[in-house]
Structure formats: structure tokens, C-alpha cells
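Below, each chain spelled out in residue letters.
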Amino acid sequence: TLSSNPFGKGVLKLPREEKPKPKGYTQVELDLIFSNILNLALWHIANVGLHTGMRSNEIRSMRVSWISDDLTEIFIPSAKPNKRAPTTGFRTKGREARAVPMPPGLVGFFREIKMRAKSPNDFVFPGPTGIIRNANWLETNWHRMRKRAGIAGGWGAAERANFHRL
């Protein structure tokens, strides 16, 4: 293999090295995770993440209006960046709206959420003041749970025990 580009800068790009894909949690780890979550909201957020593959920011930002009326999907909208109003709208990582099929095990939970909602703009997982929970809350509680469960990982570990591995 070549360690440098013999044709000079910018003419021919060398292929990038493949990074190893992160592994998901084992069933034993999942059992430990869910048995060590002490906060009910975090338990539901983790359950939605496990069954949908949604990112933590998508789940934290989820509004009742994202849940289809027939409870068959969760529609994640994505506002394109707007220089005049940068704080309006939600933007997914891929910057494209997408639909997530509703797992059968979550239908009852989301049906109850929709029935109890006062407005379609209500957050599904509001913080104590009714607004969005911040990312720090999720990360802090997730890592406390991980320590209680005895699951290795952390900020510097090769395989971080993070939420997105669900």
C-alpha cells in the first residue's frame, strides 16, 4: 500500500481506512441497562431508541404531531438550515425528513401519549417544565445507569457504551 500520493496533492485521493463498526449491546447488557434505569422517562426514551433506531436528539425533540394518527409510523420532519431563523424547526443528522415504522410493542404507549396530549405540538418526553429535555440530562443519566449496571465503556473507550448503540 502507498503511504503518500505519488501524483501530488489533490490529483489522486487515497482510499480512507475503514473504521470498525460499533457493536450493539448484547441481550445481557440490555437486561442490565433496563433493570438499572431508575428514571421512568429515561426508561421510555431508551425503549423507543431500542425499538426504532432513532437518535437521542430525535427522541428528545419528538412532538405528538410526529406520531401518525393510525399509529403506523413516526414521521421525523427536518427543517433545512435557515440563516434568518436558525432556531426554528428540527434538523435531522442527514438533513432529510424520514418515516420510522411503528414497532407493535410501542403502539399502546404512543396511543396513550396521543390521548393525553393537550396539543399536537406537545413534546412526547417533556422535561419537568414542559419543554425539551437537554442532551446533558440524557448523557448524564445514561452514564450513571451504565456505571450502576457495570457496563464497561465511557468517554475514552474504544467501544463507548452510549445511547446510540441501542
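Given the structure is predicted, the values throughout are model-derived calculations rather than measurements. (Residues numbered from 1 in each chain as written. Predicted model: local features only at pLDDT ≥ 70, side-chain atom pairs only at ≥ 80, totals over all residues. Heavy atoms only, no water.)

Peer 1: Lay out the pattern of salt bridges with the relevant residues and their values.
Peer 2: A complete count under the given rule lists 4 salt bridges for this structure. A salt bridge links Arg55 to Glu58; the shortest N-O distance between them is 3.9 Å. Of the residues examined, Arg55 reaches a relative accessible area of 27% and is grouped as partly exposed. Residue classification places Glu58 among the buried residues on the basis of a relative accessible area of 1%. Note that Asp69 is salt-bridged to Lys114, the shortest N-O span being 3.5 Å. Remark: Lys114 occurs in helix 4 (residues 107-116) and Asp69 occurs in the loop between helix 3 (56-61) and strand 1 (73-76); sequence separation between them is 45 residues. Owing to a relative accessible area of 72%, Asp69 belongs among the exposed residues under this scheme. The class of Lys114 is partly exposed, set by a relative accessible area of 23%. Connected through salt bridges with shared partners, the residues Arg55, Glu58 and Arg98 form a single ionic network. (Salt bridge = Lys/Arg side-chain N within 4 Å of Asp/Glu carboxyl O. Buried < 20%, exposed > 50% of the residue type's maximum accessible area, 1.4 Å probe, protein only. Helix = DSSP H or I, 4+ residues; strand = E, 2+ residues; numbered from the N terminus.)

Peer 1: I'd like a description of the nonpolar core, backed by residues and values.
Peer 2: Formed by 33 residues in total, the largest nonpolar core has its most connected members in Val48, Met62, Ile74 and Phe110. Leave out the neighbours within four places in its chain, and Val48 touches Gly53, Met54, Ile59, Met62, Leu106, Phe109, Phe110 and Phe125. (Core = buried A, V, L, I, M, F, W, Y, C linked by side-chain atoms within 4.5 Å. Contact = heavy atoms within 4.5 Å.)

Peer 1: Break down the packing of aromatic side chains for me, citing the residues and quoting the values.
Peer 2: Here the structure, examined in full by the defined rule, presents 3 aromatic pairs. Measuring from ring centre to ring centre gives 5.6 Å for Phe34 and Trp43, while their planes differ by 75°; the resulting arrangement is edge-to-face. Judged by its relative accessible area of 17%, Phe34 is buried. Each ring, one from Phe109 and one from Phe125, has its centre 5.9 Å from the other, and the planes form 20°; the classification is stacked. In this pair, Phe109 is assigned in helix 4 and Phe125 in the loop between helix 4 and helix 5 (135-149), connecting sequence segments 16 residues apart. The class of Phe109 is buried, set by a relative accessible area of 19%. Classification of Phe125 as buried rests on a relative accessible area of 5%. Clustering of aromatic rings is evident, with ring pairs tying together Phe109, Phe110 and Phe125. We note Arg63 situated over the ring of Phe123; from NZ or CZ to the ring centre the distance is 4.1 Å. Over the aromatic face of Trp137 sits the side chain of Arg133, whose NZ or CZ is 4.2 Å from the ring centroid. (Phe/Tyr/Trp six-rings, centres within 6.5 Å; stacked < 30°, edge-to-face > 60°. Lys NZ or Arg CZ within 6 Å of the ring centre and 35° of its normal.)

Geometric descriptors of this kind do not, in isolation, establish any biological role.
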